[in-house]
Amino acid sequence: MSKSAPAESGTPWSKTLNSSEVDLTQERKVTRIGDWVAPAPSSKLGEYQRMADDDEAREPGLRGALQCVGSCVVGRIPMLGWLPQYDVRNDFFYDFIGGATIALICLVQTLAHAAIATTKVIQGPYCAFVPPFVYAVLGTSPHASISSGAIAAILIADQLQYFHDEEERTELASLLALISGGMLVAMGLCRAAYAVRFLSQSLISGFVTGGSVLILVGQLKNLLGLEKMRHAIGVIDQVRAIYEALPETRVIGLCLGLSMIMVLQVMMWLKKYTVAQLKSQGPHPSWMKPAKIVSEMKELVLVGISIAFAIFTCNGDEPILPVVGTIPPGLPPFQVPWRLPAAKSMLETHFRLQEFFMGGFLVALTSFLTTYATSKKQALQHGYQIDASQEMFALGMAGTCGSFFGSFTPSGSLSRTSLAGEVGVRTQMSGLMKIVVVGTSLKFLTPVLYYLPKATLAAIILRSTWQLVDFKTPKTLWSSWRPYHQGGMRRDFVVWWIAFVLTVFLGVLWGIGAAVFVSVAMIVHDAAMPRTVTLGRIESLGNIWRDVEVWSEGRTFPGVLTVEFRGPLSFASADWFMEELERKKFLEAKRGNKVHVVVLSFGSVHDLDKTAIEMFRDLLTVWR
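These figures come from a predicted structure and were not determined experimentally. (Residues numbered from 1 in each chain as written. Predicted model: local features only at pLDDT ≥ 70, side-chain atom pairs only at ≥ 80, totals over all residues. Heavy atoms only, no water.)

Draft legend 1. Seen up close, the overall build of the chain. Within the chain one finds 24 helices and six strands. With 624 residues in all, the chain has 46% of them scored as buried. Considering only contacts within the chain whose residues lie at least 6 apart along the sequence, 74% involve residues at least 24 apart. Total accessible area computed for the chain in this model is approximately 32500 Å², and 62% of it derives from carbon and sulfur atoms. (Helix = DSSP H or I, 4+ residues; strand = E, 2+ residues; numbered from the N terminus. Buried < 20%, exposed > 50% of the residue type's maximum accessible area, 1.4 Å probe, protein only. Contact = heavy atoms within 4.5 Å. Areas by Shrake-Rupley, 256 points an atom, 1.4 Å probe, with all protein chains shown as cover.)

Structure follows, in structure tokens:
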């Protein structure tokens, strides 16, 4: 072997190599990390350093087997890895304060999310008790805030809209949590986190915007105080029912709700202003940080104000506006989900059972997608890694275990997860702190929540849901209305509107299902019919070859057809390639340029199977 060019002085590879330094007759060692040729004893390169997780790095025998079992257990239960190394002196204070702060915010948000899901309001706080504990044991993100989520609540409400009784909906929500949690556990064990990749950004935006419209319409009932409004299914029926019940509007509750929306908006402006000011160079006024903290806990402030208003305006012992009412005090009881009366009735009669399982699958995928996306964002900001499959397993176990304690499907939250990073949360211990605060609140504070006005919950939901409405995305996609191969986003525009329209008028299941089907159909179309382009030489760019359809100045040569196939050449696309090739030859002959030589550029062909090879043999036989 000839000598290699010497490297620059000071680099790790500053010495030149020759054949006497590396014995190429040594047997190649193949590891999971890569291929390796062992250096000769006289080599100065040093020994090969295997990575810690390399299979060959493990010690042989019983000790190696125990190492393997131990790493598998710690990988599946990450708490066993970080808890023995937990720094109580440096981390506990930040985890406790952060966990307590998020728990107080979470307590109010879960009440609102339970209202979105159309279940009993107590089921929301139940989501903030057992699921966060399970996730703290099994999850890999220290900042993820697991309890209830608005997007998951939209899906849950869509599955429960066919059941009139609130008690039935609450029991079936726990069964749905068990179904979706079990699916996530199975997919996590099979490392099937890639399944969420079929939910594109355009699809999620369309479905969330459509679901937000459903929430906005559904919460008008509580904002207007329409306690006797009939149960309605579908957005059109809901609008009709609200119109019929308008004479029963409670003016005081409506005024309170609109006032709370205004207060929320002011606090959101305050948060935006204080964050921008604190990021700039100081000094800052002493009130700035407390104002930021208050704006972060805006829902808690609203609940306190509205409860005080409801108590002081009582007519005797009765509130003058609709309130949440009696909430059972204490920790959630243990109940087997499939033995609850509503669940037993569904399993016996099979009423909407198939749709329930399909809905559970969509709830599972969507709750994981929102949780993982928010957790991944924090991981990138703070410089650590999270395991997607383990996150799927942890969230599934959180939902499965929570279903036995009255919870509906848990999910992450972008606002709470972002806040965890801002308040200094350092480890998953904050999740354990959260259950202490939530458990104490459930034990002692539920009597106070009796006076929480429904109009306040509606105000919190309406203002937070309005932030989910995303008409900016279709506007951006419309501005790029060009064919896909020209860099346009026509396909994404179509997918967005399919997801939005079908979600609003037919329900979430139809909206997501149809949009996924169209997206997958487009992928299959691309695989079966990739683009076949004619290349021309661009002399002004150094004689490189480009698509003459895009580069009109590309030069072609008489009697020569240069073709590039842009995609996999397999059994699905072999016939298409042959048809396109013959079509291009025919077009060239029609223009008076009879083809004598065909040049095939396969730089973009990343797959070639047996069917394609046989097609080439047949093609060459015909051409000869």
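Draft legend 2. Here's a closer look at the state of the cysteines. Following the criterion strictly, the structure yields zero disulfides and no others. Not part of a disulfide, C127 finds its nearest cysteine sulfur in C106, a span of 8.7 Å. (Disulfide = S-S within 2.5 Å.)

Draft legend 3. Quick look at empty space enclosed by the protein. Enumeration according to the criterion identifies four cavities of 30 Å³ or more in this entry. Counted as a void, the largest cavity has a volume near 130 Å³. Elements that contribute at least two residues to the lining of the largest cavity include exactly α3 (88-116), α5 (130-138) and α18 (429-444). A per-class count over the lining of the largest cavity returns nine nonpolar, seven polar and one charged. Of the voids in this model, the second largest cavity is the one considered here, and its volume is about 40 Å³. Lining the second largest cavity, in full, are N222, L223, L224, G225, R250, G253, L254, L321, P322, K454 and A455. For the lining of the second largest cavity, the secondary structure elements donating two or more residues are α9 (220-224), α11 (251-279) and α19 (454-466). For the lining of the second largest cavity, the leading source of residues is α9, giving three residues. Residues of the lining of the second largest cavity, tallied by class, amount to six nonpolar, three polar and two charged. (1 Å grid on protein atoms, 1.4 Å probe; cavity = no way out; pocket = protein on both sides within 12 Å on 5 of 7 lines; lining within 4 Å. Points joined across faces, edges and corners; volume = space filled by probe spheres on them. Nonpolar A, V, L, I, M, F, W, Y, C, P; charged D, E, K, R; others polar.)

Draft legend 4. Region of interest: the pairing of strand β6 (residues 597-601). When strand β5 (residues 560-566) meets β6, the two strands line up parallel, connected through five bridges. In the strand pairing of β6, L561 is matched with V598. In this fold, the crossover linking β5 to β6 by way of helix α23 (residues 574-590) has right-handed handedness. (Pairing = 2+ DSSP bridges. Right-handed = clockwise from strand over helix to strand, strands pointing away.)

Draft legend 5. Examining the pattern of salt bridges more closely. Taken as a whole and judged by the stated rule, the model has 20 salt bridges. With its nearest N and O atoms 3.4 Å apart, the salt bridge here joins E549 to R531. Pair noted here: E549 is in the loop between β4 (544-547) and β5 and R531 is in strand β3 (residues 531-538), with a separation of 18 residues, a long-range link. The class of E549 is exposed, set by a relative accessible area of 54%. Owing to a relative accessible area of 24%, R531 belongs among the partly exposed residues under this scheme. For R537, the salt bridge goes to E539, with nearest N and O atoms at 3.3 Å. R537 sits in the partly exposed class, given a relative accessible area of 21%. One network of salt bridges, in which partners are shared, links R230, D237, R240 and E244. (Salt bridge = Lys/Arg side-chain N within 4 Å of Asp/Glu carboxyl O.)

Draft legend 6. Seen up close, the sheet that holds β4. Here we have four strands laid out as an open sheet, ordered β4-β3-β5-β6, and mixed in their pairing. In the strand order of this sheet, the two ends are held by β4 and β6, each with one partner. On average, each strand axis in the sheet is tilted by 40° relative to the strand beside it, whichever way the strands run. Helix-sheet contacts for α23 involve β3, β5 and β6, and the interaxial angle to β5 is about 150°. (Axes fitted to C-alpha atoms, helices over the stretch in contact; angles between N-to-C directions.)

Draft legend 7. A nonpolar patch on the surface, seen in detail. Taken together, I236, F471, W497, V501, F505, L506 and W510 make up a surface patch of nonpolar side chains, about 740 Å² in accessible area. Take the nonpolar patch: its biggest share by element is four residues, from helix α21 (residues 490-506). Following the sequence through the fold, F505 ends up in helix α21. Residue classification places F505 among the exposed positions, given a relative accessible area of 52%. (Patch = residues over 30% accessible without salt bridge, like charges linked within 9 Å, V, L, I, M, F, W, Y side chains within 5 Å.)

Draft legend 8. Structural context of the nonpolar core. Judged by nonpolar contacts, the single largest core of 105 residues is most densely connected at L172, L175, F207, F356 and I512. In terms of residue count, the dominant contributor to this core is α3 (ten residues). Excluding residues within four positions of it along the chain, L175 makes contact with P337, W338, A343, M346 and F356. Grouped together as the second largest cluster of nonpolar side chains are 15 residues, M229, V235, A241 and F493 included. (Core = buried A, V, L, I, M, F, W, Y, C linked by side-chain atoms within 4.5 Å.)

Draft legend 9. Seen up close, the layout of surface pockets. The volume enclosed by the second largest pocket comes to roughly 1200 Å³. If you trace the second largest pocket, you find 48 residues lining it, with A115, T118, R169, Q219 and K221 closest to the centre. Of all the secondary structure elements, the ones that give two or more residues to the lining of the second largest pocket are α3, α6 (150-160), α7 (166-189), α8 (201-218), α9, α10 (235-245), α19 and α21. Across the lining of the second largest pocket, the residue classes break down as 25 nonpolar, 15 polar and eight charged.

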